[in-house]
There are 2 protein chains.
Amino acid sequence: MNGAHALLRTLVANGVDTCFTNPGTSEMHFVAALDDVPEMRPILALFEGVATGAADGYGRMAGRPAATLLHLGPGLGNGLANLHNARRARTPIVNIVGDHATYHQALDAPLASDIVGVARNVSRWIRESKGPETVGADAAEAISEARRGGVATLILPADASWSEGAQPGPEAIAHVGFISFADEVELAVKALRSGEPTALLLGGKALTERGLLAASRVAQATGAKLLCETFPARLVRGAGLPAVERLGYLAEFAVAQLQGLRNLVLVDAKEPVSFFAYPNLPSELAPEGCEIRDLVADGVLAEAALEALADALGAPADGAVRTPAARPDRPSGALNPETIANAIGALLPEGAIVSDEANTAGLFVSGATAGAPRHDWLTLTGGAIGQGMPVATGAAVACPDRKVLNLQADGSAMYTIQSLWTQARENLDVTTIIFDNRSYAILSLELSRVGARTDGNAADLFDISRPPLDFVSLARGMGVDGTRAETADELVRALEHALSEPGPHLIDAILPARL
Amino acid sequence: MNGAHALLRTLVANGVDTCFTNPGTSEMHFVAALDDVPEMRPILALFEGVATGAADGYGRMAGRPAATLLHLGPGLGNGLANLHNARRARTPIVNIVGDHATYHQALDAPLASDIVGVARNVSRWIRESKGPETVGADAAEAISEARRGGVATLILPADASWSEGAQPGPEAIAHVGFISFADEVELAVKALRSGEPTALLLGGKALTERGLLAASRVAQATGAKLLCETFPARLVRGAGLPAVERLGYLAEFAVAQLQGLRNLVLVDAKEPVSFFAYPNLPSELAPEGCEIRDLVADGVLAEAALEALADALGAPADGAVRTPAARPDRPSGALNPETIANAIGALLPEGAIVSDEANTAGLFVSGATAGAPRHDWLTLTGGAIGQGMPVATGAAVACPDRKVLNLQADGSAMYTIQSLWTQARENLDVTTIIFDNRSYAILSLELSRVGARTDGNAADLFDISRPPLDFVSLARGMGVDGTRAETADELVRALEHALSEPGPHLIDAILPARL
């Protein structure tokens, strides 16, 4: 058995049966071995950023890792931005990077580069397989590490792949948290009963139904505020679930949300910091004197710790507040950020997965879908734009029976627009709505904040209307049906149609410029 | 004066007056400062791989660096593959990467990452500006280092950019080589006069008109073979210039070209190694016992050293062999790799710049253009595909009075297809011919070489016909006129039209599958 076979056997034996890839010559023996391991489903992307982002979306929804297969340092580089996002989402991914044969590396052939140096940036674990003997065990360890939450990078030299003498690795270890949280619960109870303004800040694995119900019990029993990190990896929401307020993206908004707090209890969340630094604004957002403590830092225990906290407070078991079902009416008339949000709120299907990279233009969608049927919300976790379309792609692979809705800003769409082709090739049930305002609107806003002119060379860099992008043509070019919607009525009609049949669709929703 | 102003002033004072960019919030003060430094031309790309590849194309043709402006680690990651190619091409680039404010970095905000670790991979020099006081001097040093040939990365924290107290840096140092090559010339003369089979392998700066004329004199005087590295950064060729045989991409071909050689003289070129390793094939390509020596390793001296060598050998000053003018007839009938090559050979304009990423399907183009009017040939230097379209974009910015022809494989095109939008926005004179064979043909070939089936899961990964890519729609989606050519006659017509008017054009040349 060669190394490639042992690797594939180890992956599929441990439930890693999906591989998002754009391979090359150094990965050829892995590719050839796919014919003998039909349990592995290879999914081709035309660009590595699609492959890594899809692995992120898959991992967030499947709760187990997909593999990638990337072509040396440049392939890793192309996939790096979405691995960065996956790292921030703590998504399990087995990130396989092919390399030159071990004896070829010292020759500095054109594609040679320092893969470890680049991978370190996004990986919780890195291993270079030294030969066929270790590939199986290395793969099992990579899977164990990925399950702890994050990117495990396995570098696979071509000769470790093609040489005989390999064997499948052992069963990978499931990740289980063992840390007691009794002390943390006691301290949190004290804070919550102090009579001082207190909030829970939920993140990561606290944002499940179980976590949210327990957190809502705590809030009801104590009057504490419920907050959620700005960019959750996966947030379940909608009718029947407790609502949670997301911390604002702009530092001024987040500061206002946190104002007056004396205690902040973190539940699988990080201390709130400003997304960017600004002259004369604080980087740390909690008010001075606010005591910040972790209830639990390891996501696996988040739900249990919240339930223990609710019980310790004597909160009734049915004390959670569940959002009532409510939808906006189907909008009519002009298309703008409000009517686009209402169209989505009116039509969002039960069990939908929303991949949200709508940025500024999507400001109203959250409110308009708060009472929609239960759905999952996936956001841009690491700030590296170009994540929404790949994540939607991977989520659709993980959940073939659910509708995926990708809310996609136009500027960000162009980073990984190649996602559409994979959606067509795999006939994935993804509907993409382009929030087409022909600008990097968030950057126009930031430019005005630094006091620059709105009509100079600088402002021109955030105007992407010249030439206008025609997303219907772009979709057609990659085999996806596209529709242009210039009014709210057209959007409603196009969205109803897209949701009524399987397979990928794109709707180019034409908004007023710079909104 | 704030750091951003000082940086821009230092750049333009040293002739770095073009900046390929996709900026974000951390770069906002640099962007705002553009309004006050109109000598700097900012060129927007929708994706950082376009910006870095365009800087490469610009640097190869202008002979001086452009700047980039990238958005933190993820922006650098997106641009990394084409910086890898630029590193291999030794193209001068001042690579500016914005970062969080220095005091914000420790907070691990979502976009924080190890920029230095990633930049190291592609940079000959890296500096993080510590504050506004050093930005100007740091920029001058970056320019000096870039001029030595390669990527100089300047990391610019947001507070170094926005803070006052900066001043422009000193004049950047021009790169001059001082190393004597007298001994090397003497040894090369000895090899060339040994009577043993000897070849010159030319690369880098030896591939200019002056370098090629001197090398041809040497070859004529001694019977030495003239070879050129497989993937030159810039090769001048065509009627009136000496021809040089490029070393083959596949190891078997290169081995055959080098067979029997007893001496190999490197002129700004590296010892030939196989692009990839293969089981049972050598990685080092020169035959055993062949003596390999550098005539000159520093590109700046390549032309002078070749001339000194020719003189030392007593080669007549007019002894170079110049390729006679010759063009194929305009082809007719079916479109295939031969007829597409003949169409290009028949129509290539005087002074054209060819950005060649046609890969397997472009096999015949080199022969068909050998006697075409003088032109420059830019190739994929580092093996990271997705370089042809950005390099064409940057070359057109550097040389607005020349026609740029981008020979582009379909699979590779999809990595950085966003280049078309920048070509439209800047009205660049680039004609792209898509070699549309609906496959990663080179990988299909490699797969057959490892003995895999041609109809399984493996082979399917190299078939990109499902769905077919429609490049005319893709071009239209980004504001570029596109034409589909299914016959040689249609291609000739479309190419004549595209070359007859300025601005970007795309021709989707439909070839038989997998050729």
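Conventions adopted
Residues numbered from 1 in each chain as written. Chains lettered and ligands numbered in written order. Predicted model: local features only at pLDDT ≥ 70, side-chain atom pairs only at ≥ 80, totals over all residues. Helix = DSSP H or I, 4+ residues; strand = E, 2+ residues; numbered from the N terminus. Contact = placed C-beta atoms within 7 Å. Nonpolar A, V, L, I, M, F, W, Y, C, P; charged D, E, K, R; others polar. Pairing = 2+ DSSP bridges. Axes fitted to C-alpha atoms, helices over the stretch in contact; angles between N-to-C directions. Least-squares fit on C-alpha atoms with pLDDT ≥ 70 in both. Buried ≥ 20, exposed ≤ 12 C-beta atoms within 10 Å, placed from the backbone. Core = buried A, V, L, I, M, F, W, Y, C linked by C-beta atoms within 7 Å. Right-handed = clockwise from strand over helix to strand, strands pointing away. Domains from an automatic or database assignment. Parallel < 35°, antiparallel > 145°, perpendicular 65-115°, else oblique. Left-handed = near helix turned anticlockwise from the far one by under 90°. pLDDT = per-residue confidence, 0-100.

Draft legend 1. Spotlight on the overall build of chain A. Of the regular secondary structure elements, chain A holds 20 helices and 18 strands. Structurally, chain A occupies a C-alpha span of about 65 × 60 × 45 Å along its principal axes. Put simply, of all contacts in chain A between residues at least 6 apart along the chain, 81% involve residues at least 24 apart.

Draft legend 2. The interface of chain A and chain B, seen in detail. Each side of the interface is counted separately: chain A has 80 residues, and chain B has 81 residues. A breakdown of the residues in the side of chain A that touches chain B according to their chemical character gives 44 nonpolar, 24 polar and 12 charged.

Draft legend 3. Representation of the sheet that holds strand β12 (residues 291-296) of chain A within the structure. Residues and elements named next belong to chain A. Strand order in the open sheet made by the five strands is β10-β8-β7-β11-β12, with parallel pairing throughout. In this open sheet, the two strands that pair with only one neighbour each are β10 (245-246) and β12. Across the sheet, helix α9 (residues 209-222) touches β7 (198-202) and β8 (225-228), and the angle it forms with β7 is around 175°.

Draft legend 4. Layout of the relation of the copies chain A and chain B. Superposing chain A onto chain B takes a rotation of 180° plus a shift of 0.0 Å along the axis, which leaves an RMSD of 0.0 Å. The transformation just described matches what one would write down for a two-fold rotation axis. When the interface residues of chain A are mapped onto chain B, 100% of them again lie at the interface, so the same face is used by both copies.

Draft legend 5. Inspection of the sheet that holds strand β2 (residues 41-44) of chain A at higher detail. Residue and element names in this part refer to chain A. Strand order across the open sheet formed by six strands is β2-β1-β3-β4-β6-β5, with parallel pairing between neighbours. Here the strands that pair on one side only, and so sit at the sheet edges, are β2 and β5 (123-128). The average undirected angle you get between the axes of adjacent strands in this sheet is 20°. In terms of strand pairing, strand β1 (residues 18-21) meets β2 through four bridges, oriented parallel. For T21, the partnering residue across the bridge sits in β2 and is L44.

Draft legend 6. The arrangement of the pairing of strand β15 (residues 404-409) of chain A in detail. Residue and element names in this part refer to chain A. Burial runs high along β15: six of the six residues are buried. On β15, burial covers both faces: V404, N406 and Q408 on one face and L405, L407 and A409 on the other are all buried. Here six bridges tie β15 to strand β16 (residues 430-436), and the two strands are oriented parallel to one another. When the bridges of β16 are listed, V404 appears paired with V430.

Draft legend 7. Representation of the nonpolar core within the structure. Core analysis: the largest hydrophobic core is formed by 380 residues, its most contacted members being V267 of chain A together with V267 of chain B. In this view, V267 of chain A contacts L200, L201, L202, G203, A206, L295, V296, A302, A305 and L306 of chain A; residues no more than four positions away in its chain are not counted.

Draft legend 8. Spatial organisation of the environment of G211 of chain A. Residues and elements named next belong to chain A. Positionally, G211 belongs in helix α9. Residue classification places G211 among the buried positions, given that 26 C-beta atoms sit within 10 Å. Distance in space between the C-alpha atoms of G211 and Y249 is 23 Å, their sequence separation being 38 residues. Ignoring any residue separated from it by four or fewer positions in sequence, one finds G211 in contact with L202, K205, A206, A302, E303 and L306.

Draft legend 9. Main features of the pairing of strand β3 (residues 66-71) of chain B. Residues and elements named next belong to chain B. Counted residue by residue, β3 has six buried out of six residues, so it is predominantly covered. Here β3 shows a buried face lined by A66, T68 and L70 and a second buried face lined by A67, L69 and H71. Looking at chain direction, strand β1 (residues 18-21) and β3 are connected through three bridges and run parallel. Directly across from F20, in β3, lies its bridge partner T68. Read from β3 through helix α4 (residues 72-89) to strand β4 (residues 93-99), the crossover connection turns out right-handed.

Draft legend 10. Representation of the domain arrangement of chain A. Residues and elements named next belong to chain A. Each domain of chain A was delimited in the assignment, giving domain 1 (3-162), domain 2 (182-312) and domain 3 (337-510). If you list the elements that add at least two residues to the side of domain 1 that touches domain 3, you get β1, β2, α3 (48-62) and α4 (72-89). Among the elements that line the side of domain 1 that touches domain 3, the one with the most residues is α3, at 11 residues. Tallied by class, residues from the side of domain 1 that touches domain 3 come to 15 nonpolar, seven polar and four charged.

Draft legend 11. Summary view of unusual backbone geometry. Residue and element names in this part refer to chain A. For the bond from R466 to P467, the omega torsion is -5°, close enough to zero to count as cis. Mapped onto the elements, P467 comes out in the loop between α18 (457-460) and α19 (471-477). Residues other than glycine seldom take positive phi values, yet R90 does so here, at roughly 55°. Among the secondary structure elements, R90 is positioned in the loop between α4 and β4 (93-99). Its identity is not glycine, yet N280 carries a phi of approximately 70°, on the positive side. Structurally, N280 can be placed in the loop between β11 (263-267) and β12. The exposure class of N280 is exposed, given the 4 C-beta atoms found within 10 Å.

Draft legend 12. Structural detail: helix α11 (residues 302-312) of chain A. Residues and elements named next belong to chain A. The element α11 is extensively covered by neighbouring structure, given that eight of its 11 residues are classed as buried. Among all positions of α11, only A302, E303, A305, L306, E307, A308, L309 and A310 are buried. As for α11, its buried residues are in contact with α8 (182-192), α9, β11 and β12.

Draft legend 13. Spatial organisation of helix α1 (residues 3-13) of chain B. Residue and element names in this part refer to chain B. The buried fraction of α1 amounts to nine of the 11 residues, a majority that puts the element mostly inside the structure. The complete set of buried residues in α1 reads G3, A4, H5, A6, L7, L8, R9, T10 and L11. If you follow the buried residues of α1, they end up packed against α2 (28-33), β3, β4, α6 (132-147) and α7 (158-162).

Draft legend 14. View of the packing of helix α9 (residues 209-222) of chain B against helix α11 (residues 302-312) of chain B. Residue and element names in this part refer to chain B. Contact geometry of α9 with α11 gives a least axis separation of 8 Å together with a crossing angle of 25°. Classified by the interaxial angle, the pair formed by α9 and α11 is roughly parallel. Seen along the crossing, α9 lies across α11 with a hand that is left-handed. Counted together, R210, G211, A214, A215, R217 and V218 of α9 and A302, E303, L306, E307, L309 and A310 of α11 form the full contact between these two elements. In the contact of α9 with α11, the residues fall into seven nonpolar, one polar and four charged.

Draft legend 15. Highlighting the packing of α1 of chain B against α6 of chain B. Residue and element names in this part refer to chain B. It is at 8 Å that the axes of α1 and α6 come closest, and there the two elements cross at 20°. By the angle class used here, α1 and α6 are roughly parallel. Between α1 and α6 the crossing geometry is right-handed. Between α1 and α6, the residues in contact are G3, A6, L7, T10 and L11 and P132, V135, G136, A139 and A140, respectively. The residue makeup of the contact of α1 with α6, split by class, is seven nonpolar, three polar and no charged.

Draft legend 16. Here's a closer look at the environment of T198 of chain A. Residue and element names in this part refer to chain A. Positionally, T198 belongs in strand β7. Assessed through the 23 C-beta atoms surrounding it within 10 Å, T198 is described here as buried. For T198 and G289, which are 91 residues apart along the polypeptide, the C-alpha to C-alpha distance reads 12 Å. Here T198 is in contact with A191, L192, A224, L261, R262, N263 and V265, once residues within four sequence places are set aside.

Draft legend 17. The confidence of the model for chain A, seen in detail. With 99% of its residues at a pLDDT of 70 or more, chain A shows a mean pLDDT of 96. Confidence estimates for the predicted assembly give a pTM of 0.97 and an ipTM of 0.97.

Draft legend 18. Quick peek at the environment of R453 of chain B. Inspection of the secondary structure assignment puts R453 of chain B in the loop between α17 (441-449) and α18 (457-460). Leaving out residues up to four positions away in the same chain, R453 of chain B has contacts with D35 of chain A together with A458 and A459 of chain B.

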